[in-house]
Number of protein chains: 2
Amino acid sequence: MNLKTYVPLLLVVICAVTVRAQEPAPTPKINLMPIPASVKFHNERLAVDSNFKVATRGHSDARLQAGIWRFVKRLEGRTVLTLAPTLAADDQMTQLIIHCQGPGQNIPNLRENESYRIDITRRQAILSAPTVVGALRGLETLLQLLDADREGYFFPGVQIDDQPRFPWRGLLIDVARHFQTMEVLKRNLDAMAAVKLNVLHWHLTEDQGFRVESKKFPKLHQLGSDGNFYTQEQVKEIIAYARERGIRVMPEFDIPGHSTSWLVGHPELGSAPGPYTIERRPGIFEPALDPTREEVYKFLETFLGEMAALFPDDYLHIGGDENEGKQWDRNPAIQDYMKKKGIKDNHALQAYFNTRLLKILQKHGKKMIGWDEILQPELPKDVVIHSWRGTKALAEAAQKGYDGILSNGYYIDLIQPASHHYVSDPLPADSTLTPEEAKHVLGGEATMWAEWVTPETIDSRIWPRTAVIAERLWSPRNVTDIPDMYRRLAVISLQLEELGLTHKKNQEMMLRRLVRHDDVGPLRTLVSIIEPVKEYRRYQQRPQTMLSPLTGVVDAATPDSEAARKFAWMVKEFLDDAPRYQLYRSELSHMLADWQTSGASLEPMIDRSPALKEIKPLAHNLSHLGETGLEAISYLKLGMPPPREWRDTSLAKLEEAAKPYGALEFVVIGSMKQLVNAAADMGRR
Amino acid sequence: MNLKTYVPLLLVVICAVTVRAQEPAPTPKINLMPIPASVKFHNERLAVDSNFKVATRGHSDARLQAGIWRFVKRLEGRTVLTLAPTLAADDQMTQLIIHCQGPGQNIPNLRENESYRIDITRRQAILSAPTVVGALRGLETLLQLLDADREGYFFPGVQIDDQPRFPWRGLLIDVARHFQTMEVLKRNLDAMAAVKLNVLHWHLTEDQGFRVESKKFPKLHQLGSDGNFYTQEQVKEIIAYARERGIRVMPEFDIPGHSTSWLVGHPELGSAPGPYTIERRPGIFEPALDPTREEVYKFLETFLGEMAALFPDDYLHIGGDENEGKQWDRNPAIQDYMKKKGIKDNHALQAYFNTRLLKILQKHGKKMIGWDEILQPELPKDVVIHSWRGTKALAEAAQKGYDGILSNGYYIDLIQPASHHYVSDPLPADSTLTPEEAKHVLGGEATMWAEWVTPETIDSRIWPRTAVIAERLWSPRNVTDIPDMYRRLAVISLQLEELGLTHKKNQEMMLRRLVRHDDVGPLRTLVSIIEPVKEYRRYQQRPQTMLSPLTGVVDAATPDSEAARKFAWMVKEFLDDAPRYQLYRSELSHMLADWQTSGASLEPMIDRSPALKEIKPLAHNLSHLGETGLEAISYLKLGMPPPREWRDTSLAKLEEAAKPYGALEFVVIGSMKQLVNAAADMGRR
């Protein structure tokens, strides 16, 4: 627990925000995400032109200079200005002074001070920070502040005091179920830095793949990965890349369950004789390490020692989730062992395993972290709980004295909208934890489980939604305005593209591939208002394996449809404008007409592109939605009640259109019902 | 010269094509590029569904299997089918049999037999080839053959006999002026393989950068690269990646000129004392190695020995171009040396240098290749001439007995249309070379000089145009139909995206960044009918350095505007449809109206995005073009001659619109003039 200053800081944060709320005078729209602890705008502005120069004051080192260089390159990329390629002297003619007090932690860790202050006047911007990482965080804020008008680019006059609410703000990337390239990891580290996340939780092993080179036990990666693994050199490259950006890299080796891929090369570690093959399906599987044999601990001692030396982070994640113990139940030797040792059930056996594991990790200087399941009565207090179960579990752990982080609510693989993740708070307002207990809540992590993502699609599952989780973990608790969040998210999403992220640009490419030589327009229209089905329904409705192509419409479609949000909002404004029904009428009609014609155009295209066959009913329903909506608007506009049976027919069509096909569903049905009911209700007035 | 079978093969090719021309019966539109030597379609078809299985017959090895795996993955990607993850048995139930006779060359070289045969019936496809590389070429053809209709995906019934016209079909990538990442190189190697190119010419050193790690002389890359270089491990990775795809990797170390970056770390090699700094401007510079000092040869002996061991290719390119010898002229020691040795001028001095170089390369088992300038009377015959000057220079070299390759006509950095490159033939029909002399013409290379490309834009400069150069070098000489080339190119361009190329998707991203939060539509319309200025005018009109951002409109715009070609074609059809003027009238009017409104919408957007200021006159002219075109169409449609002064006013507007701004120019002016003149000429009838 390195968070002695945590609660006082939070108080400062809340005060600062309160102050801001009291003086809204010249506040332009803030396009910052995460929102800083305190922001005060004033009327000056600092021009950014080709004379813009940067200087450092106080501490400087290679990491800071590389960060400044990246800042300058991104500033140049947006403004198309050629700026000075070297640092300037710290004087009145320099536009940006970076005043850094010291290097901070050598290896990023929980004790890092990430705070910074920005002061922009018409003469100069001063970014001051106690550490290099603080300065890097401030540089990201500066890039978000960049604005422009006909006079040119500029930084608005502002005074910002900022620091994070939680010290642990992570993104888990599962590289085991689908391998992700170095390029994917690097651009996502850049994006994490852009929204001030500071932990890459690298989920390296699973039933479906063992993704890290072991020099001690090379059969692990050689036989467990299909050749898709990171060499130790590449691991070091990622760690260095993350460190440059003030990001920790915490590895996870998920045991004793989720370990099929380990057993392909080392069946002797398993609780059943094997042989084992790499798992290709999604789900929970039986293979588990045998916790009763000393050779397993000897193996883990050597392997985890190797990994502990490779990964400098203080923490090592041992997973520990979803082990059902079926192999244990069926293994007489294990049953004997349990009887002999008085281990009463599989939970106790896993607790025994974890206790042994903890000793191994402690010997190698690592703190242990694992999923909820590891929390057993015997567990020592210096283990961290990673909660997929929720804030209640997290609070209970905190009350017992365990540190914890939250991932419940942050499962970005489940295709929920950003607003869903945004409201999940590791320390919710109604928390009953004492201040002392609350210190145990270290933060949280977004989890990118990788059953259904490839390097082509993973960015669109992580971004932009993860930016709002980053905000939840950094910004004051009371930053909760959802419409404003979405407004800022759209801006941030565009900026993320400059880091090479493909979350926007790959969609159109995938649609082009699907329609082959045809016009992509009608499919684009359909995809703009459908989303992949949520939670775990995709596999139920459209089973695939880990080797299947993820190039279908369900893969091209993205969560959190912007068009559907816009449609909902326009419908609301239109209906609120009763009885004129003028507001947004033409936009709505235009949109609905596009649905109608796109649906019709899609049908012959589907005949030419068999991969689209699975969405044929959606194309059909798209036309119906357009038609029904146009009818509703027409009735409302004319003030003419529809025929008596129209409501039922129309609602039946909507009911039909609400059904998923190809693991995809329309997300405009609710707004459509409002339209239909409003039109049908006219008769009653 | 390993091309003994070359001329007979060509004859076969020509016969085969002739045969094909005589029986066009069931020929569907061929979407192949390059066009094979012989293609015969028939009416059967082979279905591709989830039962599709592949087997090998005869020789098989890891390289072939990896190639098959990539083929299956791409087939799955397009069809969204999950196919068998392993090879099948070679039997009647297997849909694709790959019959490979042997491994071919261990390291790709000029002697590789790249021929293959494909035979597709309704039961089975058989791909047979003498070598693994031949089989890989055939797999690319198969992927291009994939078709679909409402019955599903299928391969058309076809019999193909194919082999290349030239054995040297390359792409030069200059990684020195702007460094290109491993990712860029890999995806471009994939794309090269897709269009059957077989040489990556890796231009590794320049005035502006030294991009390869030297363990013997680490100051070369440490001081000459800004840290942007390839480690020797990465070089090996690229060579292995290329070999997997049947592609040679030939390095170029450009000397004695173009060598500023060498001299930053090793000024003692220069012909003037230095010190030197990395060159940041484009152009031709004075620094040159000193050809009169033995220590320079000793250095080169060691350095080129190191590189010769690193690169397994038979050839090593020594550049040798554009050395003006100004440093030599001013160096008294060099002048003395020349007098003493009776070296009459700088050309002779460079020839002396090259002769020494040749001995060094021969000692290390390498053949020497260099640009035109190296061809001096004293040059031994086993040196290859790389001609930027043209087919005449190439033919002269061939007559003297030198092997040669052509790059004149293939300078893809000069923003010429594909049709320009397509007509450049290393052995044109009017060649007067004897068959024996013609054997010396080995092929050609597209050259991606990198003054104005970054990893973000390079794909859009290489692709899709390089595919037509690949066709010129592979396909029979008489494959020259330009409209058909463009039709096929559009299809191939889409397929290239599946390899991760960004030539299409990055444009829209760059436009989004430029317009910031605005609608990208109007800028997209403008960019669709402008192109960067051609040849070397960009720098003249819009000077930048190698450190400048390449994120402007000129960088987002691409060569060879598809919209302009379409416009030209519609204008032609419309005018040919006189006096009805019906054909394409509504499409033309729609397009012109879009220009008019987009131009008007752009002006306020430019005020919000200062990076767009440089295209303000283009936005203005876009409106004028739309307006003028609509007027012309309106006069023609009504059959009403315009007022007498209309022609002059309109042509003056077009004259104004023809002017470049921001190093960009409209490419619809010619068609617009036709429209205006046709309307104005009505009065005369």
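Residues numbered from 1 in each chain as written. Chains lettered and ligands numbered in written order. Predicted model: local features only at pLDDT ≥ 70, side-chain atom pairs only at ≥ 80, totals over all residues. Heavy atoms only, no water.

> Teacher, can you tell me more about the interface of chain B and chain A here?
Frequently, the measure chosen for interface size is the accessible area that the parts lose on association. Taken residue by residue, the interface counts 43 residues in chain B and 43 residues in chain A. For the pair chain B and chain A, the two sides together bury roughly 3,600 Å², of which 56% comes from carbon and sulfur. The tally of links from chain B across to chain A stands at six salt bridges. Run the count over chain B and chain A and you get 16 residue pairs in polar contact (both at pLDDT 80 or more). Counting only elements with at least two residues in the side of chain B that touches chain A, the list comes to α2 (62–79), β6 (147–149), β7 (152–162), α17 (482–496), α18 (505–515) and α23 (585–608) of chain B. Among the elements that make up the side of chain B that touches chain A, the one with the highest residue count is α18(B) (six residues). (Contact = heavy atoms within 4.5 Å. Buried area = accessible area lost by both parts, 1.4 Å probe. Salt bridge = Lys/Arg side-chain N within 4 Å of Asp/Glu carboxyl O. Polar contact = N/O pair within 3.5 Å; in protein donor to acceptor, adjacent residues only side chain to side chain. Helix = DSSP H or I, 4+ residues; strand = E, 2+ residues; numbered from the N terminus.)

> What's the story with the packing of helix α8 (residues 294–310) of chain B against helix α11 (residues 346–363) of chain B in this structure? I'm lost.
Describing two packed helices takes the angle between their axes plus the distance from one axis to the other. Residues and elements named next belong to chain B. Close contact between α8 and α11 brings their axes to 10 Å; oriented N to C, the two are set at 35°. Seen along the crossing, α8 lies across α11 with a hand that is right-handed. Contacts from E294, Y297, L300, E301 and L304 in α8 reach Y352, F353, R356, L357, I360, L361 and K363 in α11. Broken down by class, the residue content of the contact of α8 with α11 amounts to eight nonpolar, no polar and four charged. (Axes fitted to C-alpha atoms, helices over the stretch in contact; angles between N-to-C directions. Left-handed = near helix turned anticlockwise from the far one by under 90°. Nonpolar A, V, L, I, M, F, W, Y, C, P; charged D, E, K, R; others polar.)

> Which parts of the structure should I look at to understand the relation of the copies chain B and chain A?
Between the two copies of the chain lies a rotation about an axis combined with a shift along it. In screw terms, the move from chain B to chain A is a rotation of 180° and a rise of 0.0 Å along the axis, fitting with an RMSD of 0.1 Å. Such a combination of turn and shift is consistent with a two-fold rotation axis. Among all residues of chain B, the one whose C-alpha sits closest to the rotation axis is K505(B), at a distance of 2.8 Å. Looking at the interface residues of chain B, 100% of them are also at the interface in chain A, so both copies use one shared face. (Least-squares fit on C-alpha atoms with pLDDT ≥ 70 in both.)

> Could you clarify how one ought to interpret the domain arrangement of chain A in this entry?
Residues and elements named next belong to chain A. Per the domain assignment, the segments of chain A are domain 1 (3–162), domain 2 (168–480) and domain 3 (505–682). For domain 1 and domain 2, the distance between their C-alpha centroids amounts to 34 Å. Facing 30 residues of domain 1, the contacting portion of domain 2 comprises 33 residues. Taking both sides of the interface into account, the surface hidden between domain 1 and domain 2 amounts to around 2,700 Å²; carbon and sulfur atoms contribute 59%. (Domains from an automatic or database assignment.)

> Explain the side chain of S598(A) here, please?
All names here are of chain A. Structurally, S598 is set in helix α23 (residues 585–608). Assessed through its relative accessible area of 4%, S598 is described here as buried. Polar side-chain contacts of S598 include one of 3.5 Å to the side chain of T525. Here S598 is in contact with P522, T525 and L622, once residues within four sequence places are set aside. (Buried < 20%, exposed > 50% of the residue type's maximum accessible area, 1.4 Å probe, protein only.)

> Hey, could you run me through α23(B) in this one?
Every α-helix winds through 3.6 residues per turn, so residues three or four apart in the chain are directed the same way. Residue and element names in this part refer to chain B. Taking 1.5 Å per residue as the helical rise, α23 with its 24 residues ought to reach 34 Å, and the 35 Å between its terminal C-alpha atoms agrees with that figure. Residue L602 marks the point of greatest curvature in α23, where the axis turns by about 30°; the proline P604 follows within four residues. Along α23, the residues classified as buried are R585, L588, M591, L592, W595, S598, G599, L602, M605 and I606. Where α23 is buried, its residues contact α18, α19 (521–528), α22 (562–576), α24 (616–638) and α26 (669–681). (Expected span 1.5 Å × (residues − 1). Bend = angle between axes of the 7 residues up to and from the residue.)

> When you look at the packing of helix α4 (residues 182–194) of chain B against helix α6 (residues 232–244) of chain B in this model, what are you seeing that I'm missing?
All names here are of chain B. Taken N-terminus to C-terminus, the directions of α4 and α6 make an angle of 15°; their axes are 10 Å apart at the nearest point. Considering the angle they form, α4 stands roughly parallel to α6. Both α4 and α6 take part in a crossing whose hand is right-handed. Along its contact with α4, which presents M182, L185, K186, L189 and D190, the element α6 presents Q234, E237, I238, Y241 and A242. Looking at the contact of α4 with α6 residue by residue, the class counts come to six nonpolar, one polar and three charged. (Parallel < 35°, antiparallel > 145°, perpendicular 65-115°, else oblique.)

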